Protein chains: 2
Amino acid sequence: MPIYAGLEAGGTKFVCAIARGPDEILLREQFPTTTPNETIQRTVDFFRNQPHPLDALGIGSFGPLDPHPASPTYGYITKTPKPGWSNTDLAGPLRQALNIPVAFDTDVNAAALGEYRWGAAQGLETFVYMTVGTGIGGGAFANRRLLHGLMHPEMGHILIPHDRQRDPYPGFCPFHGDCLEGLAAGPALEGRWGRKGQELPPEHPAWALEAHYLALGLEALFTILSPQRVILGGGVMQQPHLLPMVRDELLRLLNGYLQIPVLLHEINRLIVPPALGSNTGVLGAIALAETALQPAG
Amino acid sequence: MPIYAGLEAGGTKFVCAIARGPDEILLREQFPTTTPNETIQRTVDFFRNQPHPLDALGIGSFGPLDPHPASPTYGYITKTPKPGWSNTDLAGPLRQALNIPVAFDTDVNAAALGEYRWGAAQGLETFVYMTVGTGIGGGAFANRRLLHGLMHPEMGHILIPHDRQRDPYPGFCPFHGDCLEGLAAGPALEGRWGRKGQELPPEHPAWALEAHYLALGLEALFTILSPQRVILGGGVMQQPHLLPMVRDELLRLLNGYLQIPVLLHEINRLIVPPALGSNTGVLGAIALAETALQPAG
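Parameters and conventions
Residues numbered from 1 in each chain as written. Chains lettered and ligands numbered in written order. Predicted model: local features only at pLDDT ≥ 70, side-chain atom pairs only at ≥ 80, totals over all residues. Heavy atoms only, no water. Buried < 20%, exposed > 50% of the residue type's maximum accessible area, 1.4 Å probe, protein only. Helix = DSSP H or I, 4+ residues; strand = E, 2+ residues; numbered from the N terminus. Contact = heavy atoms within 4.5 Å. Pairing = 2+ DSSP bridges. Axes fitted to C-alpha atoms, helices over the stretch in contact; angles between N-to-C directions. Domains from an automatic or database assignment. Buried area = accessible area lost by both parts, 1.4 Å probe. Nonpolar A, V, L, I, M, F, W, Y, C, P; charged D, E, K, R; others polar. Disulfide = S-S within 2.5 Å.

Undergrad: How would you summarise helix α2 (residues 91-98) of chain A if you had to cite specific residues and measurements?
TA: All names here are of chain A. For α2, the full list of buried residues reads Ala-91, Gly-92, Leu-94 and Leu-98. Residues of α2 that are buried in the fold lie against β1 (4-9), α1 (36-48), β4 (56-61), β6 (88-89) and β7 (102-106). After α2 finishes, the residue Asn-99 shows a positive phi value of roughly 55°.

Undergrad: Quick rundown of the sheet that holds strand β3 (residues 24-32) of chain B? Include the residues and the values.
TA: Residues and elements named next belong to chain B. Judged by pairing direction, the sheet is mixed, and its five strands sit side by side in the order β3-β2-β1-β4-β7 without closing on themselves. The open sheet has two edge strands with one neighbour each: β3 and β7 (102-106). Taken pair by pair, the neighbouring strands of this sheet meet at an average axis angle of 15°, ignoring direction. Bridge count for strand β4 (residues 56-61) against β7 is five bridges, and the pairing is parallel. Among the inter-strand pairings, Leu-57 is bridged to a residue of β7, identified as Val-102. In the packing of helix α3 (residues 107-118) onto the sheet, the strands contacted are β4 and β7, and the crossing angle to β7 comes to about 110°. Where helix α10 (residues 280-292) meets the sheet, its contacts fall on β1 (4-9), β2 (13-21), β3, β4 and β7, and the angle it forms with β1 comes to roughly 130°.

Undergrad: Go over the domain arrangement of chain A, please, and point to the residues and values.
TA: Residues and elements named next belong to chain A. Each assigned domain of chain A is listed here: domain 1 (4-110 + 278-292) and domain 2 (123-273). Each of domain 1 and domain 2 has a C-alpha centre, and the two are 26 Å apart. Taken together, the 12 residues of domain 1 in the interface contact 17 residues of domain 2. Between domain 1 and domain 2, the buried area comes to about 1100 Å², and carbon and sulfur atoms account for 65% of it. By the criterion of area lost to domain 2, the three top residues of domain 1 are His-68, Val-108 and Asn-109, representing 47% of everything that side buries. Only β7, α3 (107-118) and α10 (280-292) provide two or more residues apiece to the side of domain 1 that touches domain 2. A breakdown of the residues in the side of domain 1 that touches domain 2 according to their chemical character gives six nonpolar, five polar and one charged.

Undergrad: Summarise the state of the cysteines; cite the residues concerned and give the values.
TA: For the coordinates displayed, the defined rule picks out zero disulfides over all chains. Cysteine Cys-179 of chain A shares no disulfide, and the gap to the nearest cysteine sulfur, in Cys-173 of chain A, comes to 3.8 Å.

Undergrad: Pulling in residues and values, what's your account of the sheet that holds strand β12 (residues 271-272) of chain A?
TA: All names here are of chain A. Read from one edge to the other, the open sheet built from five strands follows the order β10-β9-β8-β11-β12, with strand pairing classed as mixed. Looking at which strands have only one partner, the edges of the open sheet turn out to be β10 (145-146) and β12. Pairing of strand β9 (residues 136-142) with β10 involves two bridges; the strand directions are antiparallel. Bridge pairing links Phe-141 to Leu-146 in β10.

Written out as structure tokens, the structure reads:
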């Protein structure tokens, strides 16, 4: 049985794991994301200085990035707002140092793949994994394969309606101001209310507004991509009162338009938390590593 | 060589054609959409009272509809705002009367398939066909297949930002008011400015606002679905000054976020008119008919 290496390369921390599968994680380590050189070297060291022979590596990375194997910048983080990381070759140095097959994709596409393989999206054709944390991102399966298209989805940057009378907060996205991420990721909660999300009590008006913005994002997902399920993960979604509010608000926004039984009567099955919990990211990278050993399809 | 029947079932008119392919349309007829009984009977009569033996029928229909062959309501128009047409079995009576294989999908998915087969989307994996006319709808290919997911895309109903100071018009969508369709389909132009789109001169401020709304819709498409191309058809797009304005406005809204060469430097290749022109709809239905003779995959 092959042994896989997985790297969840986040903007805040890198999580490395070695595993045979979701129930057999042999090693796991995490460290902060500093400079590209230092962080990549530390990743190489971790995977080299452990006793298991590795068969393949999967990398789920923050982006935007280049996921097209035929492209000259395949494996690069491209133009990212994260200082120092624009145009960084992430997959190349790891492939070279470890000399094993490498699969490379966005962190959220990797998480989607992990949930498809072992979690809340098994057997589905078309679904979305969306994370709401320090940023907002979404990965997608469409017709049973990860979705890339022109580049890859960048679902945090949907421009959603923003009523500045109800919410004068301008949003924090350096590119768009009040896109979905700018209005609803963790830093927006703190910027708007002066306290972090986990310090805001469930009855605080912050949550109705947060649910409204996230539901606007989901409304765009359902009208454009028509997913069979949306998995909502990330730190902000850890507040257990938030997910039911998002579901209710989505139904209110759709206003009876999409007459789909599961949407109308079983929305708890349609919009769900990740089944793999806090391991979704790194197990997604392990699931990517599996694909590195499969023939292209 | 098989002879195909195609039906473009629109909310205003039905277009029927018999063809061997895009360059050999043998017969074509259109008539207004009245009651379901009358309109379906007229369609049956057309296809029966012509001299060619038909091998398969493709139906591209207005919706929402049920495109899932395994569903008990497959082939139905489901809950539609069009009076009299909710819960109408459209594919069933035609299959029964003509006794040939039938493929059934949305009008815009059919148009997407036609453009993939013979038009502006040949060879692409992931793209969108969007029509801007009396309504707004979008069909999509994702990973080389038509996208259905939970139901099918309903891209006209994305909730986009609406600045009521700039544009007090409330939108005409009976479900959402100011969704994309409510703000930017043909009736919105007439409702807002008191004149039909084709009567508004190119320098009229209507067009900057129209381009703004359509670009907001495209922004959501590119962040969610990451299409390799968007084909913009429909009556409103017949105004030749509009498409360049939409492209420019999309780049302004993205504000440099997606650093993709084709987006930055060749947007004329990325957002295009249909290559099949006014035949996109009915040729899409012919392309659907082809699939009715292919093994499922």
